[in-house]
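# Secondary and tertiary structure notes
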Number of protein chains: 4
Amino acid sequence: MEMDHTAILLIDCPDRKGVVATIADFLYRHGANVLHADQHQDNDQKLFFMRVEWDLADFDIDAEAFKREFLPIAAKFEMNWRLEYGKTRPAVAIFVSRHLHCLVDLLYRYQIGEFQCVIPLIISNHTDAKPLADFYGVPFHHVPVTAANKAEAERRQVELLEANNVSLTVLARYMQVLSSDFVARHPRKIINVHHSFLPAFSGAKPYHAAFERGVKLIGATSHYVTDVLDEGPIIEQDVIRVSHRDNARDLIHKGRDVERTVLSRAVQWHLQHRILCYGNKTVVFD
Amino acid sequence: MEMDHTAILLIDCPDRKGVVATIADFLYRHGANVLHADQHQDNDQKLFFMRVEWDLADFDIDAEAFKREFLPIAAKFEMNWRLEYGKTRPAVAIFVSRHLHCLVDLLYRYQIGEFQCVIPLIISNHTDAKPLADFYGVPFHHVPVTAANKAEAERRQVELLEANNVSLTVLARYMQVLSSDFVARHPRKIINVHHSFLPAFSGAKPYHAAFERGVKLIGATSHYVTDVLDEGPIIEQDVIRVSHRDNARDLIHKGRDVERTVLSRAVQWHLQHRILCYGNKTVVFD
Amino acid sequence: MEMDHTAILLIDCPDRKGVVATIADFLYRHGANVLHADQHQDNDQKLFFMRVEWDLADFDIDAEAFKREFLPIAAKFEMNWRLEYGKTRPAVAIFVSRHLHCLVDLLYRYQIGEFQCVIPLIISNHTDAKPLADFYGVPFHHVPVTAANKAEAERRQVELLEANNVSLTVLARYMQVLSSDFVARHPRKIINVHHSFLPAFSGAKPYHAAFERGVKLIGATSHYVTDVLDEGPIIEQDVIRVSHRDNARDLIHKGRDVERTVLSRAVQWHLQHRILCYGNKTVVFD
Amino acid sequence: MEMDHTAILLIDCPDRKGVVATIADFLYRHGANVLHADQHQDNDQKLFFMRVEWDLADFDIDAEAFKREFLPIAAKFEMNWRLEYGKTRPAVAIFVSRHLHCLVDLLYRYQIGEFQCVIPLIISNHTDAKPLADFYGVPFHHVPVTAANKAEAERRQVELLEANNVSLTVLARYMQVLSSDFVARHPRKIINVHHSFLPAFSGAKPYHAAFERGVKLIGATSHYVTDVLDEGPIIEQDVIRVSHRDNARDLIHKGRDVERTVLSRAVQWHLQHRILCYGNKTVVFD
């Protein structure tokens, strides 16, 4: 994979003159061969966002030295920044309940190398996903969740995430609401798929609500999970056409294809370090 | 135009055996050469819907005789029904305020004969649309609306509609809310375009709301107007992709193209007698 | 599944008056409770097409009696017709080579009951698909194909299809061209997915050709296989947006999602008896 | 309009280290406040493309000085480059025959200020467009074209373009093929809309060809005109779904909506200086 030999720098900061020149000069002086660069200015809020990816072949400093040398620049421009190495394989956990279409899609893409990550575990409140996890060689953890044991179940989940060094949790149709505490521990580190075109039909049973309303398109939304249910920063959305011929069950069937697509794209873009959040929105670099 | 020599029968009734056989037999006995036929069963609510269009060439009864002979059938099956003649040109009124993109689109389609109707008048609370109305030879009526004169203005509008025998009113970005009374006078006879993917972002300033929420698709919705704002039966919806690069003004620009498309489709389908309403939904026959 | 208790009648014939009335009357007299009915007139070629599906609960004749009683009607109107029972599970064979994304999709849909069929075998000229076949419990047959053994390999394939009573063969990215003889044995019984928006980029390496041409959308096409490569009746097509940022490999990645979608839809519609072919085209009933 | 106070620099050159740093430093030193910047690397062909737009408020050199100071940089990196000022209104000519839907769309967008240009003339081989041209106040020139007078007609067209300082010619459904000579005079300065999803159905009567082939989507393509008919660099494409219910005339109707959309986008992007051509392709910056 190409990403194996690249580094990626992600920056957001107040939009001030000289920021691009300074970064470009810094990378040039250290021998970076830039492969992709993209930037965005929010001219209303006077914010600057940048993603730059370069070939490490001739780059003359390592992560340590980078940090040391880049810190004064970052301080001068008041940057939030992070440096990612393409060869790193972050650990991703998948949470799933009984609908497996998103999981099937994620695991196949994982197997053929589309995702630059490792998936050390799948956690489910049911056992339906176990055979699939076994087939793809991913350890499966059954953590039942009830009203009574919810806090305890989340403690177990957190333990598992920490034991596996998980840096991204993907809710692939996981039908339990995570506690505020759980969410707060993993800011911008949990991606969910909601089975509607948010903000339409937030909450439970969106396809039934869509059917009742008589919409002509249904959709799905992938987003980072925040404390407010279905209100986190949207990463991707897509829709599919429906008609009066489709009953609620047909909407559920058709919706599955959109759900898996928008979730897989969100996971892919996160792993390619293409997403920056600000306010309650995302910048998704091409 | 093909429709000039055809008749269209629209039916909805409880779904009972024999209804199709009875209608087909009736049409056959009278020499109908069926050009298009489409039916829909709502198997949950046990309702039956049908649209059938036939060539009048060999059809041996006129509207009067049709009514007389069809009434017993309609009674037996408890049908709502109507018979339309393709050659009829219903009168359509267009209401518009200052954004003219939908009007431009409607008038051009009208001019080249896409719509089977006459447009005897355009009503506006501003004068911006007058030159365009003049160019297309459509009488233009300026009816200013203020908080103070609203009831009076609506009286004037109703007079104009009645004087012109209007059977369909199209709100082509008309920015005044019609009174309940006005709406009640014209059930399923007013089509509006809302500049969002309803039910998301109902109400005012939907593009700004969409921008705030950070959605990745924006849309537009054409619907029949009912007493509850933005809640009438949806006829058509479509969306267009946006990104973090689009500010609120860009959304407005991009949205225009979707608005005119969904409105023109709705008007077209209405005029082709393709739409049946039931509950708060539409059946739109192909 | 609903289809378990239904029958479906598919008809094409010259478009003559009385055909709908006659069929509707026939079904009504035998107690059919019609669930869906759709018809199409090709007014240029004067052809009539119909699909009608009914609940068998009160239907008073079996397949044998149906045939006996319907034959005179069919003869009178010069119909091509077939009667299908929803509960029948036709046998479907999947051919695949090394790209498994379509197979993954088909087998998952099969497992969760989306397809009204049995899949008694997968045939491949490679062994890559074997673990997946094993996981889903579908017998796997490795039939290597070389220039030298091609005729022999096809004989083996035909034996397998016949031994399993296969009535539909799905080429899920099977990279061998089938002989005219093989195709002639299975008219309208082989569905292929071509990885381009046909007729653009027919032949080999369509994504590379699309990349060379600099198109802004790429697509995929599912079609029945005929003697002329990539020229059979098109069942479904879809596209996805690409840009200058996508190299040929990116097109291949993005295209996978479209390929599996259009192939799965085609298989679904075929199994739901929604497709009629005429000339080199398809009618796909809603 | 925002563009009134900005400058845009477009560059393509061999991809070498230091190019971004050099440009960014140059702009920074002269006080540019960068509003948008986008770059692209073709890693196969080792080419670099860049578009940068900045606010001129604090920019301390004019076009003359820019040229003088930038030339050594351009020479060093072997750049093709151009500097555009947003406030410039290039002159655009529209050629049209009898189908006016694209023209209607272009002129309305022009009127409401969507396009940063002037349109000093419309040229047509028919007179159908004259009233519309008059309504929008654009001088109309009727230049009939026959087999006999073609060379003469083109001379007249060239005169008109030159007299009006035209820098972009838009073929808005102009049904005459331009001579090689005419095309050679205006490299990358003529935008055409072809009414198919190229390269499918190039040549005449694409909708009829699409109907014959039984495709399930139809499309349109905007592209720069080159010497080889329908083979120039593609700028934009889009599609719309069709079905067996659509005859050739329906395809023509549906296609109109796609044609005007892809043509207007192409014109817009060209005027916003977002397009760079290389080989036979385009880079279209966001």
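Nothing here was measured: the structure is a model prediction, and the numbers come from that model. (Residues numbered from 1 in each chain as written. Chains lettered and ligands numbered in written order. Predicted model: local features only at pLDDT ≥ 70, side-chain atom pairs only at ≥ 80, totals over all residues. Heavy atoms only, no water.)

Our focus in this paragraph is the overall build of chain A. Of the regular secondary structure elements, chain A holds eight helices and 13 strands. The principal-axis extents of the C-alpha atoms in chain A amount to approximately 60 × 40 × 35 Å. Here chain A, with 286 residues, has 61% of them falling under the buried criterion. Across chain A, the fraction of contacts at a sequence separation of at least 24, relative to all contacts at a separation of at least 6, is 67%. Accessible area of chain A: about 11,100 Å², with a carbon and sulfur share of 51%. Side-chain charges in chain A split into 33 positive and 37 negative, and the spacing between the mean points of these groups amounts to 5 Å. (Helix = DSSP H or I, 4+ residues; strand = E, 2+ residues; numbered from the N terminus. Buried < 20%, exposed > 50% of the residue type's maximum accessible area, 1.4 Å probe, protein only. Contact = heavy atoms within 4.5 Å. Areas by Shrake-Rupley, 256 points an atom, 1.4 Å probe, with all protein chains shown as cover. Lys, Arg positive; Asp, Glu negative; His and termini not counted. Charge placed at Lys NZ, Arg CZ, Asp CG, Glu CD.)

Before going further, it helps to examine the relation of the copies chain A and chain B. For the pair chain A and chain B, the superposition axis carries a translation of 0.0 Å, the fit reaches an RMSD of 0.0 Å, and the rotation angle comes to 180°. Such a combination of rotation and displacement between the chain copies is what one expects of a two-fold axis. In terms of C-alpha distance to the rotation axis, chain A has A200 of chain A as its closest residue, with the C-alpha 2.2 Å off the axis. Counting the interface residues of chain A, we find that 100% of their copies in chain B are interface residues as well, pointing to one common contact surface. (Least-squares fit on C-alpha atoms with pLDDT ≥ 70 in both.)

Looking now at the relation of the copies chain C and chain B. Aligned on chain B, chain C shows an RMSD of 0.0 Å; the corresponding rotation is 180° and the shift along the axis is 0.0 Å. In this assembly, 100% of the residues forming the interface of chain C have copies in chain B that are likewise at the interface, indicating an isologous arrangement.

The extent of an interface is frequently quoted as the accessible surface area lost upon association of the parts. Each side of the interface is counted separately: chain A has 34 residues, and chain B has 34 residues. Interface of chain A and chain B: buried area, both sides summed, is about 3,000 Å²; carbon and sulfur atoms make up 51% of it. In terms of surface lost to chain B, no three residues of chain A exceed R213, K216 and H244 of chain A, which account for 24% of the buried area on that side. If you look at where chain A meets chain B, you find seven salt bridges. With a shortest N-O distance of 4.0 Å, E231 of chain A and R213 of chain B are connected by a salt bridge. Counting only elements with at least two residues in the side of chain A that touches chain B, the list comes to β2 (33-42), α7 (206-213), β11 (234-241) and β13 (281-284) of chain A. (Buried area = accessible area lost by both parts, 1.4 Å probe. Salt bridge = Lys/Arg side-chain N within 4 Å of Asp/Glu carboxyl O.)

Residue and element names in this part refer to chain A. Read from one edge to the other, the open sheet built from seven strands follows the order β7-β6-β5-β8-β9-β10-β11, with strand pairing classed as mixed. Each edge of the open sheet carries a strand with a single partner, namely β7 (140-142) and β11. Sheet twist, expressed as the mean angle between neighbouring strand axes with direction ignored, is 15°. Sheet topology note: the strand β9 (residues 190-194)/strand β10 (residues 217-224) ladder contains four bridges and is antiparallel. If you follow N192 over to β10, its bridge partner there is H223. (Pairing = 2+ DSSP bridges. Axes fitted to C-alpha atoms, helices over the stretch in contact; angles between N-to-C directions.)

Residue and element names in this part refer to chain C. The sheet built from seven strands is open, its strands ordered β7-β6-β5-β8-β9-β10-β11 with mixed pairing. Whereas interior strands pair on both sides, the edge strands pair on one side only; in this sheet they are β7 (140-142) and β11 (234-241). Between one strand axis and the next, the sheet turns through 15° on average, direction left out of account.

Right, let's get into the pairing of strand β6 (residues 118-124) of chain A. Residues and elements named next belong to chain A. For β6, the tally of buried residues reaches six of seven residues, placing the bulk of the element in the interior. Pairing geometry for strand β5 (residues 91-96) and β6, over five bridges, is parallel. Its bridge partner being in β6, V96 is matched across the sheet by S124. Between the parallel pair β5 and β6, the chain is carried across by helix α3 (residues 101-111), and the sense of this crossover is right-handed. Sheet topology places β6 next to β7; three bridges connect them, and they run parallel. Looking at β7, one finds that I122 is bridged to F140. Regarding topology, helix α4 (residues 130-135) serves as the crossover connection from β6 to the parallel β7, and that connection is right-handed. (Right-handed = clockwise from strand over helix to strand, strands pointing away.)

Here the focus is helix α2 (residues 63-76) of chain A. Residues spaced three or four apart along an α-helix face the same direction, because each turn holds 3.6 residues. Residues and elements named next belong to chain A. Relative to the 20 Å expected for 14 residues at 1.5 Å per residue, α2 spans 20 Å between its end C-alpha atoms, a close match to the ideal helical length. The largest bend in α2 is about 40°, located at F70, with the proline P72 one to four residues further on. All of the buried residues along α2 are A65, F66, F70, I73 and A74. At its buried positions, α2 is contacted by β1 (6-14), α1 (19-29), β3 (47-55) and β4 (80-85). (Expected span 1.5 Å × (residues − 1). Bend = angle between axes of the 7 residues up to and from the residue.)

Relative to the assigned elements, G214 of chain A resides in the loop between α7 and β10. A relative accessible area of 10% places G214 of chain A in the buried class. Measuring from C-alpha to C-alpha, the distance between G214 of chain A and F77 of chain A comes to 51 Å, with 137 residues separating the pair along the chain. When residues no more than four places from it in sequence are discounted, the contact partners of G214 of chain A are I234 and K281 of chain B.

To continue, consider the environment of V145 of chain B. All names here are of chain B. For V145, the position within the fold is in the loop between β7 (140-142) and α5 (150-163). Along the sequence, V145 and I190 sit 45 residues apart, while their C-alpha atoms lie 19 Å from each other. Not counting residues up to four positions away in its chain, the partners in contact with V145 are N125, K150, A153, Q157, Y174 and Q176.

Take helix α1 (residues 19-29) of chain C next. When α1 of chain C is considered as a whole, its buried residues turn out to be V19, V20, A21, I23, A24, F26 and L27 of chain C. Against the buried residues of α1 of chain C lie α1 (19-29) of chain B together with β1 (6-14), β2 (33-42), β3 (47-55) and α2 (63-76) of chain C. In the stretch just after α1 of chain C, G31 of chain C is the one whose phi turns positive, near 85°.

What follows deals with the interface of chain C and chain B. On the chain B side, the residues contacting the 21 residues of chain C number 21 residues. Buried surface at the junction of chain C and chain B, both sides included, amounts to about 1,700 Å², of which 49% is carbon and sulfur. At the junction of chain C with chain B, the criterion picks out two salt bridges. In this structure, K17 of chain C engages D58 of chain B in a salt bridge whose closest nitrogen and oxygen atoms are separated by 2.5 Å. Our count for the chain C to chain B interface comes out at four residue pairs in polar contact (both at pLDDT 80 or more). For the side of chain C that touches chain B, the element with the highest residue contribution is β2 of chain C, accounting for eight residues. Broken down by class, the residue content of the side of chain C that touches chain B amounts to eight nonpolar, seven polar and six charged. (Polar contact = N/O pair within 3.5 Å; in protein donor to acceptor, adjacent residues only side chain to side chain. Nonpolar A, V, L, I, M, F, W, Y, C, P; charged D, E, K, R; others polar.)

According to the stated counting rule, one finds 103 salt bridges over all chains in the structure shown. Between R109 of chain C and D105 of chain C there is a salt bridge, with its nearest N and O atoms 3.0 Å apart. Highlighted residues: R109 of chain C and D105 of chain C, both in helix α3 (residues 101-111), separated by four residues, approximately one helical turn. Judged on exposure class, the residue R109 of chain C and its partner D105 of chain C are both buried. What emerges from the salt-bridge pattern is a single network uniting D105, R109 and E114 of chain A together with R256, D257 and R260 of chain C.

Working definition: an aromatic ring pair is given by the centre-to-centre distance plus the angle between the planes. Using the criterion set out here, one finds 52 aromatic pairs over all chains in the structure. Centroid distance F49 of chain A to Y278 of chain A: 4.5 Å. Interplanar angle 50°. Geometry classified as tilted. With F49 of chain A in strand β3 and Y278 of chain A in strand β12 (residues 275-278), the pair connects residues that are 229 residues apart, well separated along the chain. Exposure remark for F49 of chain A: the relative accessible area of 1% places this residue in the buried category. Through pairs of rings, three or more aromatic residues link up here, namely F26, W54, F59, F66, F70 and W81 of chain A. Of note, K281 of chain A hangs over the ring of F211 of chain B, and the distance from its end group to the ring centre comes to 3.3 Å. (Phe/Tyr/Trp six-rings, centres within 6.5 Å; stacked < 30°, edge-to-face > 60°. Lys NZ or Arg CZ within 6 Å of the ring centre and 35° of its normal.)

Consecutive side chains of a regular strand alternate in pointing toward one face of the sheet and then the other. Residues and elements named next belong to chain B. Counting buried positions along strand β9 (residues 190-194) gives five out of five residues, so the element sits mostly inside the fold. Alignment of strand β8 (residues 166-171) against β9, held across three bridges, turns out to be parallel. From the neighbouring strand, T169 faces β9, where its bridge partner is I190.

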